[in-house]
Amino acid sequence: MKIAIVCYPTFGGSGVVATELGIALADRGHEVHFVTYRQPVRLDLLSQRIHFHEVHVPEYPLFHYQPYELALSSKLVDTVKLFGIELLHVHYAIPHAYAGYMAKKMLEEEGIYLPMITTLHGTDITLVGKHPFYKTAVNFSINQSDVVTSVSENLKQRTLEFFDIKKEIEVVPNFIDISKYENPSYTDCQRSSMAKDDERIITHISNFRPVKHIPDVIHIFNKIQKEIPAKLVMVGEGPEKENAEFLCEQLGIMDKVHFLGNSNEIDRILCFSDLFLLPSKAESFGLAALEAMVNRVPVISSNAGGIPEVNIQGVTGYLSDVRNVDEMASNALKILKDDATLEKFKDNAARVAKKFDILNVLPLYEAIYLKAYKTR
Ligand code: GMT
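What counts, and at which threshold
- Residues numbered from 1 in each chain as written.
- Predicted model: local features only at pLDDT ≥ 70, side-chain atom pairs only at ≥ 80, totals over all residues.
- Heavy atoms only, no water.
- Helix = DSSP H or I, 4+ residues; strand = E, 2+ residues; numbered from the N terminus.
- Rg over C-alpha atoms; globule rule 2.2 N^0.38 Å.
- Buried < 20%, exposed > 50% of the residue type's maximum accessible area, 1.4 Å probe, protein only.
- Contact = heavy atoms within 4.5 Å.
- Areas by Shrake-Rupley, 256 points an atom, 1.4 Å probe, with all protein chains shown as cover.
- Lys, Arg positive; Asp, Glu negative; His and termini not counted.
- Charge placed at Lys NZ, Arg CZ, Asp CG, Glu CD.
- Pairing = 2+ DSSP bridges.
- Axes fitted to C-alpha atoms, helices over the stretch in contact; angles between N-to-C directions.
- Disulfide = S-S within 2.5 Å.
- Expected span 1.5 Å × (residues − 1).
- Arc of directions from axis to C-beta.
- Domains from an automatic or database assignment.
- Buried area = accessible area lost by both parts, 1.4 Å probe.
- Salt bridge = Lys/Arg side-chain N within 4 Å of Asp/Glu carboxyl O.
- Polar contact = N/O pair within 3.5 Å; in protein donor to acceptor, adjacent residues only side chain to side chain.
- Near = heavy atom within 4 Å.
- 1 Å grid on protein atoms, 1.4 Å probe; cavity = no way out; pocket = protein on both sides within 12 Å on 5 of 7 lines; lining within 4 Å.
- Sits in = over half its atoms within 2 Å of the grid points.
- Nonpolar A, V, L, I, M, F, W, Y, C, P; charged D, E, K, R; others polar.

To continue, consider the overall build of the protein chain. Along the protein chain, the regular secondary structure elements total 14 helices and 13 strands. What you see for the protein chain is a C-alpha radius of gyration of 21 Å, in line with the 21 Å of a compact globule of 376 residues. Taking the principal axes of its C-alpha atoms as reference, the protein chain extends roughly 70 × 45 × 35 Å. Counting only residues that meet the buried cut, the protein chain has 54% of its 376 residues in that class. A fraction of 69% describes how many contacts in the protein chain between residues 6 or more apart in sequence connect residues 24 or more apart. In the form shown here, the protein chain has an accessible surface area of approximately 16600 Å², with 52% of it arising from carbon and sulfur atoms. Considering the protein chain, the positive charge centre built from 40 side chains and the negative charge centre built from 48 side chains are found 3 Å apart.

Laid out in C-alpha cells, this is it:
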C-alpha cells in the first residue's frame, strides 16, 4: 500500500513509534511517506520506499500563532494526489487527526476517499487533549477517524472516560525490533566510560517534562548511592533539566550524575545500564521502559497509566505508587544488591520485552489498514 504517516519528528515516543513503524512497513514492501515539519530523528535512511515531505509554515507577522494545521492539511492533499497515497496514519491526535480530517474532506470534494487511522499516544488524551480548550475538536476528530488505535489498554479506558467516543478503539501496543538487538550495529559497550567496575549504572531517559517527575529520579538515585557505589546517567533535554542539575548540586552528588543531553543512540547507553528509572506521574505505555528492557535493563517505575502493561511487578522490575520515592529506592536496592539477583531481573526484562517484537505487532497494523481500506 501507499501510506502517509503524520507524526511529531522529535525524540518523543510517539514520533519514535511512528518512524519505526514506517521503516518496518517499507521493509515489508509498502511505500511510506512521512509528512511532518522536520525529518523524524530516527529516520536516517530515505529510500525508494521511504519518502519525507516537509511541511513548511512560513512566518507571517499578522499571525500571533502560525497555522500549522492548515499547512499540514494542504501538504497532505497535495502528497496524496501526487503520489497516489491510499491511506493516512496519524500519530498523536493533536492536531494531526484534525488536519487529517480536513485533508480527507478536501479530497472527497475531488472524488478521492482517504481512510484515516488515528493512533492515540497518551498526552494527546491525558494531558493536552482533555483540556476544555481542545476537547471538542479532539473528540470530533477522533470520532471522524476510520479506525482509532491506542497504545495500551489503560489509554483506551482513559480515552473512553474523558471523551464521548463512538468508535471502537483497538489496542495495538508499542513495539521494538528484536532483531536489532540480536545483531547490534555496534560491537563495543563502553561501560568504563561511565563508571568504575564496582559501580552500578542507573539510567533515566525522557523529555524532562514535569510529567516525568525528574526530581523523583534524582531523589531515588540519591538514596541508592548512599547504600551502594553507583552512577546516574540522565539522557534527554527538556524544561526540568536545569532544576535537576541544581538539585544534584544541592544534594552534593553532581560528580555521580552524568547529564548527556539528547541521544540518537540510546542502545549504546542502555547496553551498560543496570537499572532504569521511570517514576512518571502519567505514562500511557512507557516506551523508554520497553527500550530499557530489550537491552536487559530492569525497571523501577511508578504504576501510572499503562506502565503495568509493560513492567511486570517482581519480574522485570518493581512498580510503586506515584511519588513513593522511598519504596522505589528500596526496590532498586533489592534488584542491585547482588549480581545473581540483578542477572535474574536482566534476563526477565529481555524475555518479557520479546512479547513486544515488531513481528507480532506489525501484522495488527496491516490488518487494520486493510480493514480501513475496505471502507472506501
Ligand atoms: O511523554 C513522552 O515521553 C512523549 C510522549 C509522546 O507523545 O511522544 O510519549 C507518549 O507516547 C509514547 C509512545 O506511545 C508512550 O510510550 C508514552 O508513555 C507517552 N507519554 C505519556 O503518556 C506521558
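Spatially, the six strands line up as an open sheet ordered 10-9-8-11-12-13, and their pairing is parallel. Strands at the two margins of the open sheet, each flanked by one partner only, are strand 10 (257–261) and strand 13 (317–320). This sheet shows a mean twist of 20° between the axes of neighbouring strands, independent of strand direction. Across six bridges, the pairing between strand 8 (residues 200–205) and strand 9 (residues 230–235) is parallel. Bridging from a neighbouring strand, Ile202 pairs with Leu232 of strand 9. Relative to strand 9, helix 8 (residues 214–227) is tilted by about 165°, and along the sheet it contacts strand 8, strand 9, strand 10 and strand 11 (275–278). Lying over the sheet, helix 12 (residues 325–336) contacts strand 8, strand 11, strand 12 (299–302) and strand 13, oriented at roughly 170° with respect to strand 13.

Now for the state of the cysteines. The tally for this structure, following the rule as stated, stands at one disulfide. Covalently, Cys189 is tied to Cys271 through a disulfide, its sulfur atoms 2.1 Å apart. Looking down the S-S bond of the Cys189 and Cys271 bridge, the torsion is 105°, so its handedness is right-handed. One end of the pair, Cys189, is in the loop between helix 7 (178–182) and strand 8; the other, Cys271, is in the loop between helix 10 (266–270) and strand 11, and 82 residues separate them in sequence. For Cys189, a relative accessible area of 37% translates into the label partly exposed.

With 16 residues, helix 2 (residues 68–83) should cover 22 Å at 1.5 Å per step; its first-to-last C-alpha distance of 22 Å lies within 8% of that length. For helix 2, the complete set of buried residues consists of Tyr68, Leu72, Ser73, Leu76, Val77, Thr79 and Val80. Down the axis, helix 2 shows its buried residues gathered within 170° of arc, on one side only. Every exposed residue of helix 2 that faces more than 90 degrees away from the buried side is listed here: Leu70 and Leu82. Of the surrounding elements, those touching the buried residues of helix 2 are strand 1 (2–6), strand 2 (31–36), strand 3 (50–54), strand 4 (87–91) and helix 3 (93–109). Where helix 2 ends, the next residue or the one after it, Gly84, has phi of about 65°, a positive value.

For the protein chain, the assigned domains read domain 1 (2–175 + 357–374) and domain 2 (180–356). Here domain 1 meets domain 2 over a buried area of about 1400 Å², counting both sides, of which 53% is carbon and sulfur. For the pair domain 1 and domain 2, the interface holds one salt bridge. A salt bridge links Glu20 to Lys180, with the nearest nitrogen and oxygen atoms 3.9 Å apart. Summed over the shared surface of domain 1 and domain 2, the number is 10 residue pairs in polar contact (both at pLDDT 80 or more). Within the residue set of the side of domain 1 that touches domain 2, elements represented by two or more residues are helix 1 (13–27), helix 6 (153–162) and helix 14 (358–374). The element that contributes the greatest number of residues to the side of domain 1 that touches domain 2 is helix 1, accounting for four residues.

All right, on to the site of the ligand then. Taken together, 17 residues sit near the ligand, with Ser14, His121, Asn174, Glu283 and Ser284 positioned nearest. Separating an oxygen atom of the ligand from a backbone N or O atom of Ser14 is a distance of 2.7 Å. The contact in question runs from an oxygen atom of the ligand to an N or O atom on the backbone of Leu287, over 2.9 Å. Look at the ligand: alone it shows 480 Å² of surface, and the protein chains cover 92% of it. At a threshold of 2 Å from the grid points, most atoms of the ligand map onto the largest pocket. Split by residue class, the shell around the ligand holds five nonpolar, 10 polar and two charged. Residues lining the shell around the ligand come from more than one domain, with at least three contributed by each of domain 1 (2–175 + 357–374) and domain 2 (180–356).

Take His91: it is sitting in strand 4. Owing to a relative accessible area of 0%, His91 belongs among the buried residues under this scheme. Discounting residues that sit within four places of it in the chain, His91 has contacts with Ile5, Val6, Cys7, Ser14, Ala18, Leu21, His96, Thr119 and His121.

Our next topic: the pattern of salt bridges. This structure, assessed with the given rule, holds 20 salt bridges. Residue Glu108 is joined to Lys105 by a salt bridge in which the shortest nitrogen-to-oxygen separation is 3.1 Å. With Glu108 and Lys105 both in helix 3, this residue pair falls three residues apart, about one helical turn. Glu108 sits in the partly exposed class, given a relative accessible area of 33%. Lys105 gets classed as partly exposed once you look at its relative accessible area, which sits at 34%. Where salt bridges share partners, they join Arg191, Asp274 and Lys346 into one cluster.

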